[in-house]
Amino acid sequence: DGGITQSPKYLFRKEGQNVTLSCEQNLNHDAMYWYRQDPGQGLRLIYYSQIVNDFQKGDIAEGYSVSREKKESFPLTVTSAQKNPTAFYLCASSGVIDTEAFFGQGTRLTVV
Amino acid sequence: SQQGEEDPQALSIQEGENATMNCSYKTSINNLQWYRQNSGRGLVHLILIRSNEREKHSGRLRVTLDTSKKSSSLLITASRAADTASYFCYNTDKLIFGTGTRLQVFP
């Protein structure tokens, strides 16, 4: 069953801790993306990757890091440097940048 | 802000009515997509319109694109309660979403 999977669905983090959000796709897509969504707002781009071992910063990359060691995986680490990490995080993939993107079901991160 | 502007921010209509939402960007648009998001869920792709297309239809959806005005519109005809969701435009080249329109359709 092809698709894009994010885990966990809910994540709680203590202040000062780093956490890693998982994103896996079996669609054989080259491009993958991470977005952040705050309540009642649109999505803002954190990082994106068009090819393995390469990624670019989006509009709000500060306090986040990513890796793209495998085509199917694009994990996002929320570091302690991110001042307001509580948000809904969405991962997506597409064949190339200019085509339909498929989204995961999201990870809701809460700092406690 | 790098986000596209959508209006209205919220729209409430009765079943059977049409819903129109508009999207505009400060940056150029070549290709544009529309997505739907049910509350607290991921996004679902609705339609992609390319720069050489001014209008596109898919079922009850009609999308227009005006690259000179850097704007697009989404029309949902004969709306249903199941259309209740948030709708986002997406500037494909710039990887920028709009701010979204929350649509509520009452039975």
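Bear in mind that the values here come from a model prediction, so they are computed numbers and not experimental data.

A. Broad picture of the overall build of chain A. When helices and strands are counted, chain A shows zero helices and eleven strands. The C-alpha radius of gyration of chain A comes to 13 Å, within 12% of the 13 Å expected for a compact globule of 112 residues. C-alpha extents for chain A along the principal axes are approximately 35 × 25 × 25 Å. Within the span of chain A, comprising 112 residues, buried residues form 47% of the whole. Carbon and sulfur atoms form 47% of the exposed surface of chain A, whose accessible area is close to 5,400 Å².

B. Structural detail: the side chain of Ser73 of chain B. All names here are of chain B. Residue position: Ser73 is located in strand β8 (residues 71-76). Accessibility expressed as a relative area gives 15% for Ser73, which makes it buried. Ser73 has contacts with Met21, Asn22, Trp34, Arg62, Val63 and Thr64, leaving out every residue within four places of it along the chain.

C. How the structure looks around a nonpolar patch on the surface. Residues Tyr10, Phe12 and Val112 of chain A make up a contiguous nonpolar surface patch of roughly 370 Å² in combined accessible area. Along the chain, Phe12 of chain A falls in strand β2 (residues 10-13).

D. Molecular detail of the pattern of salt bridges. Residue and element names in this part refer to chain A. Applying the stated criterion to the full structure yields five salt bridges over all chains. Between Lys71 and Asp30 there is a salt bridge whose closest N-O contact spans 3.4 Å. Here Asp30 lies in the loop between β3 (19-25) and β4 (31-37) and Lys71 lies in the loop between β7 (64-66) and β8 (76-78), a separation of 41 residues in the sequence. Since its relative accessible area comes to 25%, Lys71 is described here as partly exposed. Among the ionic pairs, Asp38 bridges to Arg36, the shortest N-O distance being 3.0 Å. Look at Asp38 and you get buried, because its relative accessible area is 11%. Note on Arg36: relative accessible area 4%, which makes it buried. Each of Arg36, Asp38 and Arg44 takes part in one network of salt bridges that share partners.

E. How the structure looks around the nonpolar core. Ranked by size, the top nonpolar core spans 22 residues in total, and within it Met21, Leu32, Trp34, Leu74, Ile76 and Leu103 of chain B carry the most contacts. Among the secondary structure elements, those contributing two or more residues to this core are β2 (10-14), β3 (19-24), β4 (32-37), β5 (43-49), β7 (61-66), β8, β9 (85-91) and β11 (101-106) of chain B. Leaving out residues up to four positions away in the same chain, Leu74 of chain B has contacts with Ala19, Thr20, Met21, Trp34, Leu46, Leu61, Arg62, Val63 and Tyr87 of chain B. In terms of nonpolar packing, the next biggest core, distinct from the first, is built from 20 residues, Ile60, Leu76, Cys91 and Leu109 of chain A among them.

Analysis parameters
- Residues numbered from 1 in each chain as written.
- Chains lettered and ligands numbered in written order.
- Predicted model: local features only at pLDDT ≥ 70, side-chain atom pairs only at ≥ 80, totals over all residues.
- Heavy atoms only, no water.
- Helix = DSSP H or I, 4+ residues; strand = E, 2+ residues; numbered from the N terminus.
- Rg over C-alpha atoms; globule rule 2.2 N^0.38 Å.
- Buried < 20%, exposed > 50% of the residue type's maximum accessible area, 1.4 Å probe, protein only.
- Areas by Shrake-Rupley, 256 points an atom, 1.4 Å probe, with all protein chains shown as cover.
- Contact = heavy atoms within 4.5 Å.
- Patch = residues over 30% accessible without salt bridge, like charges linked within 9 Å, V, L, I, M, F, W, Y side chains within 5 Å.
- Salt bridge = Lys/Arg side-chain N within 4 Å of Asp/Glu carboxyl O.
- Core = buried A, V, L, I, M, F, W, Y, C linked by side-chain atoms within 4.5 Å.

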